[in-house]
Amino acid sequence: MLRATLKSLLARKLRLILSGLAVVLGVMFVAGAFVVTDTLGKSFDSLFASAYSTTDVGVTAKPKVEVSEFEGEQVVTPLPASAVAQVRGVPGVRSATGLVEADGARVIGSDGKVLTSVGPPRLGTAWTGADSLMELREGRGPTADDEIAVNAAVAEAAAIKVGDRVGVLTLEPKKQFTLVGVYGYSGNRDSLGGVQEVAFTEPVAQKLMLGVTGGYSSIRVKAAPGVSPEELRDRIAATLGAGYVTKTGDQLVADTSADLKEGLGFFSNILLGFAGVALFVGIFLILNTFSIIVAQRTRELALMRALGASRRQVIGSVLVEAVVIGLVASVLGLAAGVGVGALLAYLFNSFAGGGLQLGTVGVPLIAVVSSFVVGVLVTVVAAVLPALRASRIAPVAAMQEVATPDRPLTKVSVAGGVVTAAGAAALGLGLFADLGDATLWTILGGVLVSFIGIALLTPLISRPVVSGIGRLFSWSLPGRLGRLNSGRNPRRTAITAAALMVGIALVTGVTVVMDSAKSSLKAEAATVLKAEVIISGDQNGPRPPTYDPAVLREAAKIPGVRAAAGVWNDQVVINGEKQWVNATDDLTALAEGYGARAASGTLAKLADDQIAVSVPEAQKYGWQVGTKVTIQPPRGDPRDYTIAATYAEESLPGSYQLPYATTKDFGITQPFIGLIRLADGVPVSQVLPQVKALLADSPEVTAQDAQAYVDEQAATFDTLITMIQILLALAILIAVLGVINTLALSVLERTRELGLLRAVGLGRAQTMRMVTVEAVVISVFGALLGVVVGAGMGTAVTRALKSDGITELVLPWGRMGTYLVLAALVGVIAAVLPAIRAARLNVLGAIAHD
């Protein structure tokens, strides 16, 4: 029986390729996710080992506000110079060097534009001289307050050279420096992992990067001979006491790498998620393929039963075929995944600036195991139902024709209704109930179960819907034949269409939510935003673009300006809880910009010890006007503030408004947004050019009218839609393979029928048009189903998010129409090979085919 199965499999190589291709693509994403994570992880381990190669023990101050990798950027708490002296006095210390190093030194290139970064920090440091890691390539280190040195990556990207005057943005507005040196790193590296680095003299670095005098971001300690880093760490920790974090160099490497790998894990999970979608779609393809194969081999399997094969052997025969296909697909998918992982690692490095030295491509054990487990499991699961169906073939079927009658749809329809109801219930529970950490998994499970239920219900509606779609092509004989062929086997048509439905439904659902969010944003802006001129910039890294707060004072003096206010933003600790807060230089002007009114108290300019709080936040903690609240900013000491006013949450950005005096203790001490309200009747064109002129020394931002600003913010949603469409294109590609596979096997199944049609006068071109119509009808049916299901799910999610600000429901009719048109095009493409095969059939051989 095993030999017969393997011979049958090898005799149908095309079937093997088409069935396994869907699994190959899914496994490719699974393996690629693990390979790229492992490759980048090892490369970063090597990078940080190099960066801390001159450090035996590192000392930092405990942060005032601890921030995770996903919450934002950790603000450095400065160490006093006395701490350096203390460490130097610890027995076993060979040397202790106070370092100044913080993110936020943005170099302005020779073209007047700020060098951007999409990931690696832009560090400002104090020059400490060349060592075994850093090597001076040109010029010298800075010695005067108006001198800097930069690493070679910055010099190349900014097109600057020794002797040039260079503008740099830091905690303070733009300042000019003379470039006196360019340096690189051991191994002929221009940067460490794409990091942009600017070195100042120590006093300037302390002032511009830490906002203090005589402070340091960390202490680098070298151990004396014979003293282990662990022993020295413990001595230093005992000397300094609480308030400091002391780690060995190896610990610094491990912890820094672990933080970055957390971000890589998030990226890997996204890839695995889309791999899961692809494999889910692939199950439909494989299920359909094996169902058609079992139908075509009815006489063959019945003959085996007649010769003594048991039901168990027939099931084993089909499952062995599935295992072989799964193993072959897993091997090919793993190989492709290694290539994809290497490519993604290269693209990641290029996107981040190209400063990371990629090591050898890593293929972790989990990538190999997952590839084979997923590949074989998906294939076997998809083949179970066809295998059971094959075992029920009676021996007497050996004397009947190959074609098998379609079975009643009652049971599958009832099952589909029950499963769909269960999926909808889970989805509703996840969207409308508070399930805590289980919410996301409940929603995902509801979507998955709903898709399965809808797929089971699809055969019930396929015949009338397919017939209706097919009538669009029934103006010719090939069109009528194609319409009839597409509806002759509802189950087969439904499974093929369901594969396409999943991808289209997900894209449509996301589009509905994103377009609704975009429309809600615009509607809220039109209602809330009263400022006519907005100062802002595009954020393309961890730090928002900022500008000189003096611009606001000058803008307020422009004739026709009614009010001007800036907004600062950071994380603080309020009464022991971490919160995002805003600060403003003039709450009265900010309220003018948003048309806000106080719910209690007065939205007047805040004193240094006053704050304003949103009504929901005040109600949450039982606060009212006059309540004192303790706030710990990222720098400095905690301070008590008195609530001076409350306001409706939607009337001002954020739940907390702090006074301008607090911003000196923020991680970023300059505003990132500015709002300018004009006097009644004053045109924007009169004021806007003057505001732009004031921003000449703030190249990260620009001024624009309110409508342009809102449109710019809304465009973010279009970018997200495009990214998701690209990632889901894999699932749609697998669905296209399903259409090709179904048609190819269908043509093989109908060989005799096609021969008879050709014999009675159907031409080759007409035969090709007939197959093409069948493919187009199936594809459009799948897309139509996907559009309807996706629109329904998107509507449900949008309604569930109404309390979160998505108040508008937008159905993207244009995009949905485009999906249907593209589905028709996909059908035409999918029909090419099967149509050519059908047209080339030898008429006499086809008629004689059994």
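Novice: Go over the overall build of the protein, please, and point to the residues and values.
Specialist: Of the regular secondary structure elements, the protein holds 24 helices and 24 strands. If one aligns the C-alpha atoms of the protein with their principal axes, the spans along those axes are about 95 × 75 × 50 Å. Looking at the 850 residues of the protein, the share that counts as buried comes to 51%. Working note: accessible area of the protein is about 36,700 Å², and carbon and sulfur atoms make up 61% of it. Across the protein, the mean location of the 70 positive side-chain charges is 16 Å away from that of the 67 negative side-chain charges.

Novice: Now, about unusual backbone geometry: what can you tell me, with residues and values included?
Specialist: The phi dihedral of Ala159 falls on the positive side, at around 55°, and the residue is not glycine. The phi dihedral of Asn575 falls on the positive side, at around 50°, and the residue is not glycine. Tracing the backbone through its elements, the reader meets Asn575 in the loop between strand E16 (561-574) and strand E17 (577-584). Taking the relative accessible area as the measure of exposure, Asn575 reaches 44% and is therefore partly exposed.

Novice: Run through a nonpolar patch on the surface, naming residues and quoting values.
Specialist: A contiguous nonpolar surface patch, about 470 Å² in accessible area, is contributed by Leu365, Val369, Val373, Leu377 and Val381. Relative to the helices and strands, Val369 is located in helix H10 (residues 365-391).

Novice: I'd like a rundown of helix H14 (residues 490-528), residues and numbers included.
Specialist: Between its terminal C-alpha atoms H14 stretches 53 Å, which fits the 57 Å expected from 39 residues at 1.5 Å a residue. The largest bend in H14 comes to about 25°, at Met501. Among the 39 residues of H14, 30 are classified as buried, and the element is accordingly described as predominantly covered.

Novice: Can you lay out the sheet that holds strand E13 (residues 218-223) for me, pointing to particular residues and giving the numbers?
Specialist: In spatial order, the strands read E3-E13-E1-E14; together these four strands make up an open sheet with antiparallel pairing. Since the sheet does not close on itself, it has two edges, and those belong to strand E3 (93-99) and strand E14 (244-248), each with one partner. Taken pair by pair, the neighbouring strands of this sheet meet at an average axis angle of 20°, ignoring direction. Where E3 and E13 come together, six bridges link them in antiparallel fashion. Looking at E13, one finds that Gly98 is bridged to Ile219. Helix-sheet contacts for helix H3 (residues 81-88) involve E3, E13 and E14, and the interaxial angle to E3 is about 170°. The strands touched by helix H6 (residues 229-240) within the sheet are strand E1 (57-61), E3, E13 and E14, with E14 carrying the most contacts at an inclination of about 170°.

Novice: Go over the packing of helix H20 (residues 751-759) against helix H21 (residues 764-800) with me, naming the residues and quoting the values.
Specialist: Direction vectors running N to C along H20 and H21 enclose 135°, while the axes themselves pass 10 Å from each other. Here H20 lies oblique to H21, going by the angle between them. The element H20 and its partner H21 pack so that their crossing is right-handed. Contact residues: Leu754, Leu757 and Arg758 in H20; Arg764, Thr767 and Met770 in H21. Per-class residue counts for the contact of H20 with H21 are three nonpolar, one polar and two charged.

Novice: With reference to specific residues and values, describe the environment of Ala149.
Specialist: Structurally, Ala149 can be placed in strand E8 (residues 147-151). Sequence-wise, Ala149 and Thr508 are 359 residues apart; in three dimensions their C-alpha atoms are separated by 51 Å. Look past the residues within four positions of Ala149 in its chain and what remains in contact with it is Trp127, Arg140, Pro142, Leu179, Gly181, Tyr183, Glu197, Val198 and Ala199.

Novice: A description of the packing of H21 against helix H22 (residues 813-830) should follow, citing residues and the corresponding values.
Specialist: Two elements in contact, H21 and H22, have axes separated by 7 Å at closest approach and are oriented at 155°. With respect to each other, H21 and H22 are oriented roughly antiparallel. Seen from above, H21 lies across H22 with right-handed handedness. In contact with Thr772, Ala775, Val776, Ser779, Val780, Ala783, Leu784, Val787 and Ala791 of H21, H22 contributes Met816, Tyr819, Leu820, Ala823, Ala824, Val826, Gly827 and Val828. Classifying every residue of the contact of H21 with H22 by side-chain character gives 14 nonpolar, three polar and no charged.

Novice: So what's going on with the side chain of Thr201? Which residues, and what values?
Specialist: Relative to the helices and strands, Thr201 is located in the loop between strand E11 (196-200) and helix H5 (202-210). We classify Thr201 as buried; its relative accessible area is 7%. Setting aside its immediate chain neighbours within four residues, Thr201 contacts Pro142, Thr143, Ala144, Asp145 and Glu147.

Novice: Can you tell me about the environment of Thr493, naming the residues and giving the values?
Specialist: Tracing the backbone shows Thr493 in helix H14. A relative accessible area of 5% means that Thr493 is categorised as buried. Sequence separation of Thr493 and Thr458 is 35 residues, and the distance between their C-alpha atoms is 8.8 Å. When sequence neighbours within four positions are dropped, the list of residues in contact with Thr493 reads Val466, Ser486, Ile778 and Phe781.

Novice: Lay out the nonpolar core in plain terms, naming residues and giving numbers.
Specialist: Across soluble globular proteins, nonpolar side chains show a tendency to be buried alongside one another. Grouped together as the largest cluster of nonpolar side chains are 79 residues, with contacts concentrated most on Phe284, Phe451, Met501 and Val502. At 16 residues, helix H2 (residues 13-51) tops the list of elements feeding residues into this core. Those residues in contact with Met501 that sit more than four places away from it in its chain are Phe451, Ile454, Ala455, Gly782, Leu785 and Gly786. Membership of the second largest hydrophobic core comes to 43 residues, among which are Ala105, Leu179, Leu210 and Ile219.

The rules we used
- Residues numbered from 1 in each chain as written.
- Predicted model: local features only at pLDDT ≥ 70, side-chain atom pairs only at ≥ 80, totals over all residues.
- Heavy atoms only, no water.
- Helix = DSSP H or I, 4+ residues; strand = E, 2+ residues; numbered from the N terminus.
- Buried < 20%, exposed > 50% of the residue type's maximum accessible area, 1.4 Å probe, protein only.
- Areas by Shrake-Rupley, 256 points an atom, 1.4 Å probe, with all protein chains shown as cover.
- Lys, Arg positive; Asp, Glu negative; His and termini not counted.
- Charge placed at Lys NZ, Arg CZ, Asp CG, Glu CD.
- Patch = residues over 30% accessible without salt bridge, like charges linked within 9 Å, V, L, I, M, F, W, Y side chains within 5 Å.
- Salt bridge = Lys/Arg side-chain N within 4 Å of Asp/Glu carboxyl O.
- Expected span 1.5 Å × (residues − 1).
- Bend = angle between axes of the 7 residues up to and from the residue.
- Pairing = 2+ DSSP bridges.
- Axes fitted to C-alpha atoms, helices over the stretch in contact; angles between N-to-C directions.
- Contact = heavy atoms within 4.5 Å.
- Parallel < 35°, antiparallel > 145°, perpendicular 65-115°, else oblique.
- Left-handed = near helix turned anticlockwise from the far one by under 90°.
- Nonpolar A, V, L, I, M, F, W, Y, C, P; charged D, E, K, R; others polar.
- Core = buried A, V, L, I, M, F, W, Y, C linked by side-chain atoms within 4.5 Å.

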